[in-house]
Amino acid sequence: MRFLKLIDLLTPYFCIFFLSLFIYKFGINDLEDYSHGLLTARIYWENLGNLFISYYDYYGPGVRLPIGNAPFFHPLNFLLYDLKLYYTFFVAIHLLIQFLYTKKIFLILKIEHKNFILGIILIFCLPNLNYIISDDWIGAFFSYCLFPSIFYYTIKIINKQKFSDYYKITLLTVFWIINGHSGIIATYIIFLFSYFLIS
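A quick note: this is a predicted structure, and the numbers were derived from the prediction, not measured. (Residues numbered from 1 in each chain as written. Predicted model: local features only at pLDDT ≥ 70, side-chain atom pairs only at ≥ 80, totals over all residues. Heavy atoms only, no water.)

(A) How the structure looks around a nonpolar patch on the surface. Taken together, Leu6, Leu9, Leu10, Tyr13, Leu96 and Leu100 make up a surface patch of nonpolar side chains, about 480 Å² in accessible area. If you list the elements that add at least two residues to the nonpolar patch, you get α1 (2-26) and α3 (83-108). For the nonpolar patch, the element with the most residues is α1, which contributes four residues. You can see Leu96 is positioned in helix α3. Residue classification places Leu96 among the partly exposed residues on the basis of a relative accessible area of 31%. (Patch = residues over 30% accessible without salt bridge, like charges linked within 9 Å, V, L, I, M, F, W, Y side chains within 5 Å. Areas by Shrake-Rupley, 256 points an atom, 1.4 Å probe, with all protein chains shown as cover. Salt bridge = Lys/Arg side-chain N within 4 Å of Asp/Glu carboxyl O. Helix = DSSP H or I, 4+ residues; strand = E, 2+ residues; numbered from the N terminus. Buried < 20%, exposed > 50% of the residue type's maximum accessible area, 1.4 Å probe, protein only.)

(B) View of the nonpolar core. Ranked by internal contacts, the top residues of the largest apolar core, which has 46 residues, are Tyr86, Leu95, Phe141 and Trp176. Elements that contribute at least two residues to this core include exactly α1, α2 (32-46), α3, α5 (126-134), α6 (138-159), α7 (163-179) and α8 (182-198). When residues in this core are grouped by element, the largest group, 14 residues, is from α6. Each residue touching Phe141, except ones within four places of it in the same chain, is listed here: Phe90, Val91, His94, Leu95, Asn128, Tyr131 and Ile132. (Core = buried A, V, L, I, M, F, W, Y, C linked by side-chain atoms within 4.5 Å. Contact = heavy atoms within 4.5 Å.)

(C) Structural detail: the side chain of Gln98. Tracing the backbone through its elements, the reader meets Gln98 in helix α3. Side-chain polar atoms of Gln98 contact the side chain of Asn128, separated by 3.0 Å. Apart from residues lying up to four places away in sequence, Gln98 is in contact with Leu122, Asn128, Tyr144, Cys145 and Pro148. (Polar contact = N/O pair within 3.5 Å; in protein donor to acceptor, adjacent residues only side chain to side chain.)

(D) Layout of the layout of surface pockets. Taken as a whole, the largest pocket encloses approximately 190 Å³ of empty space. Lining the largest pocket are Ile150, Thr154, Ile157, Ile169, Thr173, Trp176, Ile189, Leu192, Phe193 and Phe196. Those elements that provide at least two residues to the lining of the largest pocket are α6, α7 and α8. With four residues, α8 is the single largest residue contributor to the lining of the largest pocket. (1 Å grid on protein atoms, 1.4 Å probe; cavity = no way out; pocket = protein on both sides within 12 Å on 5 of 7 lines; lining within 4 Å. Points joined across faces, edges and corners; volume = space filled by probe spheres on them.)

(E) Inspection of the packing of α6 against α8 at higher detail. Running from N to C, α6 and α8 point in directions that differ by 15°, and their axes come no closer than 10 Å. As summarised for this structure, α6 and α8 are arranged roughly parallel, according to the angle between their axes. When you trace α6 past α8, the crossing you get is right-handed. The segment α6 lies against α8, with Ala140, Ser143, Tyr144, Phe147, Ile150, Phe151, Thr154, Ile155 and Ile158 engaging Ile184, Ile185, Tyr188, Phe191, Leu192, Tyr195 and Phe196. (Axes fitted to C-alpha atoms, helices over the stretch in contact; angles between N-to-C directions. Parallel < 35°, antiparallel > 145°, perpendicular 65-115°, else oblique. Left-handed = near helix turned anticlockwise from the far one by under 90°.)

(F) Quick look at α6. Across its 22 residues, α6 extends 33 Å between first and last C-alpha, which sits within 8% of the 32 Å expected from 1.5 Å per residue. Most pronounced at Leu146, the bend in α6 amounts to some 35°, and the proline Pro148 follows within four residues. Taking burial as the measure, the 22 residues of α6 include 20 buried ones, the bulk of the element. (Expected span 1.5 Å × (residues − 1). Bend = angle between axes of the 7 residues up to and from the residue.)

(G) Quick peek at the packing of aromatic side chains. The full count for this structure, using the stated rule, is 21 aromatic pairs. Aromatic pair Tyr86 and Phe90: ring centres 5.5 Å apart, planes at 35°, arrangement tilted. Residue Tyr86 and its partner Phe90 are located together in helix α3, separated by four residues, close to a single helical turn. Taking the relative accessible area as the measure of exposure, Tyr86 reaches 0% and is therefore buried. Residue class for Phe90 comes out buried when judged on its relative accessible area of 0%. (Phe/Tyr/Trp six-rings, centres within 6.5 Å; stacked < 30°, edge-to-face > 60°.)

See below:
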């Protein structure tokens with residue numbers, strides 16, 4: 001019985017470790033997003049004090065820096081010097097956030113679940129595999145993984161209306177918007193607004 005509980009508890013973390021290790025070992029299939037998104041994030045990160053960085057003359061005289069969808073102001077950007085390490089930590093931390101907050105949502109909504117099933121389904125779901133391995137949309141992956149935390153605090157605000165939850169959702173939303181994919185975030189905001197109206 002204890003062994004089954006241990007497997008149930010540790011399976012999601014093993015899945016996160018396995019997927020992160022796979023990315024560290026084999027990398028990603030698509031470098032398209034890097035040429036716009038991560039390159040832009042790297043230039044912004046290295047020039048945080050320059051207010052005119054959006055006019056960065058990287059591609060020729062008078063040419064604006066192409067802005068891709070990337071985590072421009074993410075705390076892990078200090079690892080951009082080593083992309084393998086950056087991707088590994090980025091994926092591991094955000095999958096962990098996604099799993100933990102989805103679990104919290106299930107608990108607050110009283111949805112019965114098993115950790116190992118939730119972990120396997122959530123971590124190896126199609127959007128995660130698509131955004132990480134197949135198409136390398138790191139901004140979309142960030143937006144997708146951080147959404148459960150925003151949704152969790154939305155539910156808490158609707159149910160309890162604690163002042164500290166307003167601060168948390170505000171900080172998370174700002175962090176979400178400046179680092180995520182605007183199209184995906186817009187879709188999630190429509191969902192959150194609809195959920196708020198019908199609750």
